[in-house]
Amino acid sequence: MMRFQDLLFKTTGILFLALGIWACSDQDRGPYDTHSESAIKAYVGATIITGTDRPPIENGLLIVREDTIVGVDSRSVLDIPTDAEIVDMSGKYIMPGIINPHGHVGMADGLKTGSEVFTRENVKSQLRLYAKYGVTTVVSLGDGDFSGAGYRDSFNDREPRDLARYFLAGPVINASTPDEGRERVREHHQAGMNWIKIRIDSGLGTREKMVPEVYNAIADEAQKLGLPTAAHIVELEDAIGAAKAGFNVIAHSIRDLPVSNELLTLMRDNNIALTPTLTRELSTYVYRERPPFFDDPFFTKYADTEVMNDLLSHEMQQQFAESESGQYFEAQLPLAKENLMRTFESGVRIAMGTDSGPPARFQGYFEHLEMEMMQNAGMQPMAIIRSATSEAAFGAGISGLTGALQTGLKADFLVLSENPAEDIRNTKTIEHVFIDGVEIER
Ligand SMILES: [Zn+2]
């Protein structure tokens, strides 16, 4: 069997470029001046957290021309362009828009699922919900069908801008032979999917796991076509298999055993990112009782009260109380958190990801809750911010497009009233959300 290690950097590089070009290729943006008097805006006086290794910039200056960042630095270093419209941001905190490289869009409508809910309107309203919570890009890692490609192409450059950027994997690939796996990958590529997603999981012993010869073939075919790959796993053995096969993202924490040096070395050496999805675990058991976040005004602001009431019903609480998978994932959550910390401390890329979108995994809010759980697990706020921005962009395959406040990237950013570098829960103090340099309505 061939090794994918050498190919990975190359393929990933090409992918980032390809996605970047793809994302910018849709023209017809319309005249910018429908949104603003001046095409250049200077956001002045905020503390700027760039989403990179750079420490926060006090008394900062962020310069945006149309949809692109053209300057970020301290006011003492950078001059305000003479033709810029000045926006005073004194006392505020600016950080990049949050990126979720592992969500699901259009998979559920409230607590309903099924192919009938994967509609253009549903996808659109969920992308709007993500955006309102400051999640400015989402990769949907497993979708109803290929029609998402059409939604994506019509939404990503929509004017006026009010939706999160959207990339998708299409249907999760299942195959029983290597040839069938390769065929599915080619179909996905043909249909314009951005990602390949598979599951290596026995469903807690209820079904056959995909075998290495099949997922190796899937990874190989995807790499040939320049498509990035994500593998849903539960167990260490399967994460190691996926890493050896050359998958780009390990989707979910390892929940059966402590992570091994073998896995950490494979992930670090091959630039494989982990999306921890701690809120996914939470969602399997938290509804046995009234969840604490049902009383968080940041949650209730956009939450569907009908869904909340359904989740509070006695029948539903009973179902959650009796769920075997809920018991398993609750019991394994402390290990998942320890594994997150070991993985992070070993230098592996952690791309904040939530698995939000299926029923009772609240899009937009769960990204903030995920960051809070990462903080409770032991990560520092600045590391979590990187994980949810530049590292998440890496994990989404769009590093050249967005995910940091850096010259040349898209102007996707949040304005907060409290400092997220002090306490990650301050990401909830959103005052403004900008995507492509345009403020969205909330
Ligand atoms: Zn998922």
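Read on for a plain summary of the structure. Going along each chain's sequence as written, the residues are numbered from 1 onward. This being a predicted model, a pLDDT of at least 70 is required before a residue's local features are given, and a value of 80 or more before pairs of side-chain atoms are given or counted; all residues contribute to the totals for chains, interfaces and linings.

Counting from the N terminus, the helices are the DSSP runs of H or I reaching at least four residues and the strands are the DSSP runs of E reaching at least two. In terms of regular secondary structure, the protein chain is built from 15 helices and 18 strands. We compute the radius of gyration from the C-alpha atoms alone; for a globule the expected value is 2.2 Å times N to the 0.38, where N is the number of residues. Compactness check: the protein chain gives a C-alpha radius of gyration of 21 Å against a globular reference of 22 Å for 442 residues, within 12% of the reference. Seen along its three principal axes, the alpha-carbon backbone of the protein chain occupies a region of about 65 × 50 × 45 Å. Of the contacts made within the protein chain by residues no fewer than 6 positions apart, 73% connect residues no fewer than 24 positions apart. Once C-beta atoms have been placed from the backbone, residue pairs whose C-beta atoms lie within 7 Å are recorded as contacts.

What follows is about the sheet that holds strand 17 (residues 430-435). What links the strands of a sheet is backbone hydrogen bonding, and the strands pair in either a parallel or an antiparallel sense. Pairing between two strands is assigned when DSSP locates at least 2 bridges connecting them. What the five strands build is an open sheet, ordered 2-6-16-17-18; its pairing is mixed. The open sheet has two free edges, formed respectively by strand 2 (47-48) and strand 18 (438-439), since each of these has just one partner strand. Where strand 6 (residues 93-96) lies against strand 16 (residues 413-416), four bridges are found, and the strand directions are antiparallel. From the neighbouring strand, Pro96 faces strand 16, where its bridge partner is Phe413.

Time to look at the nonpolar core. Core analysis: the biggest nonpolar cluster contains 122 residues, and Ile94 and Ile250 have the highest contact counts within it. Among the elements that make up this core, the one with the highest residue count is helix 13 (residues 365-377) (seven residues). Ignoring any residue separated from it by four or fewer positions in sequence, one finds Ile250 in contact with Ala231, Ile233, Ala239, Ala242, Ala243, Ile272 and Leu274. Joining buried Ala, Val, Leu, Ile, Met, Phe, Trp, Tyr and Cys residues through C-beta atoms within 7 Å gives a set, and that set is a nonpolar core. To sort residues by exposure, count the other C-beta atoms lying within 10 Å of each residue's C-beta; 20 or more gives buried, 12 or fewer gives exposed, and values between give partly exposed, all with C-beta atoms placed from the backbone.

On to helix 8 (residues 278-285), then. Most of helix 8 sits inside the fold, with eight of its eight residues counted as buried. Residues Leu278, Thr279, Arg280, Glu281, Leu282, Ser283, Thr284 and Tyr285 constitute the buried set of helix 8. For helix 8, the secondary structure elements touched by its buried residues are helix 11 (314-322), helix 12 (324-345) and helix 13.

With that settled, the discussion passes to the pairing of strand 13 (residues 229-233). Burial of strand 13 is extensive: five of the five residues sit out of reach of the surface. Where burial is concerned, the two faces of strand 13 agree: the one with Thr229, Ala231 and Ile233 and the one with Ala230 and His232 are both buried. Here five bridges tie strand 12 (residues 196-200) to strand 13, and the two strands are oriented parallel to one another. Its bridge partner lying in strand 13, Arg199 is registered against His232. Tracing the backbone out of strand 12, into helix 5 (residues 212-225) and back to the parallel element strand 13 gives a crossover that is right-handed. Orienting the strands away from the viewer, one traces the path from the first strand over the helix to the second; a clockwise path indicates a right-handed crossover.

For the rest of this paragraph, the subject is the sheet that holds strand 11 (residues 165-168). One open sheet accounts for three strands, arranged 7-10-11; its pairing is parallel. Two strands in the sheet have a free side with no partner beyond their single neighbour: strand 7 (98-103) and strand 11. The sheet shows a mean angle of 15° between the axes of neighbouring strands, direction not considered. The sheet contact formed by strand 7 and strand 10 (residues 135-140) spans four bridges and is parallel. Of the residues in strand 10, the one forming a bridge with Ile99 is Thr137. Axis definition: a line fitted to C-alpha atoms, limited for helices to the stretch in contact. Angles are taken between N-to-C directions and run from 0 to 180 degrees.

The subject of this paragraph is the packing of helix 6 (residues 236-245) against helix 7 (residues 261-269). The interhelical angle for the contact between helix 6 and helix 7, taken along N-to-C directions, is 30°, at an axis separation of 10 Å. The pairing of helix 6 with helix 7 is recorded here as roughly parallel in orientation. In this structure, the crossing between helix 6 and helix 7 has a hand that is left-handed. In contact with Leu236, Ala239, Ile240, Ala243 and Lys244 of helix 6, helix 7 contributes Glu262, Leu263, Leu266 and Met267. Residue composition of the contact of helix 6 with helix 7, grouped by class: seven nonpolar, no polar and two charged. Reported orientations rely on four angle classes, namely roughly parallel under 35 degrees, roughly antiparallel over 145, roughly perpendicular from 65 to 115, and oblique for the rest. Each helix crossing is assigned a hand: it is left-handed if the near helix lies turned anticlockwise from the far helix by less than a right angle, otherwise right-handed if that turn is clockwise. Here the nonpolar group is Ala, Val, Leu, Ile, Met, Phe, Trp, Tyr, Cys and Pro; Asp, Glu, Lys and Arg are the charged ones; every other residue, Gly included, is treated as polar.

Attention now moves to the pairing of strand 10. Of all six residues making up strand 10, six are buried, and the element is well covered by its neighbours. When strand 10 meets strand 11, the two strands line up parallel, connected through four bridges. When the bridges of strand 11 are listed, Val139 appears paired with Phe167.

All right, on to the environment of Val64 then. Position of Val64 among the secondary structure elements: in strand 3 (residues 60-65). Expressed as a C-alpha distance, the spacing of Val64 and Ala303, which sit 239 residues apart in the sequence, is 32 Å.

Moving on, we get to the packing of helix 2 (residues 120-132) against helix 3 (residues 148-155). Close contact between helix 2 and helix 3 brings their axes to 10 Å; oriented N to C, the two are set at 50°. Comparing their axes, helix 3 and helix 2 come out oblique. For the crossing formed where helix 2 meets helix 3, the hand is right-handed. Contact residues: Arg120, Val123, Lys124 and Leu127 in helix 2; Gly148, Tyr151 and Phe155 in helix 3.

Even without a glycine there, the phi angle at Glu66 is positive, about 50°. Structurally, the position occupied by Glu66 is in the loop between strand 3 and strand 4 (68-74). Residue Ala360 is not a glycine yet carries a positive backbone phi of 70°. If you trace the backbone, Ala360 turns up in the loop between helix 12 and helix 13.

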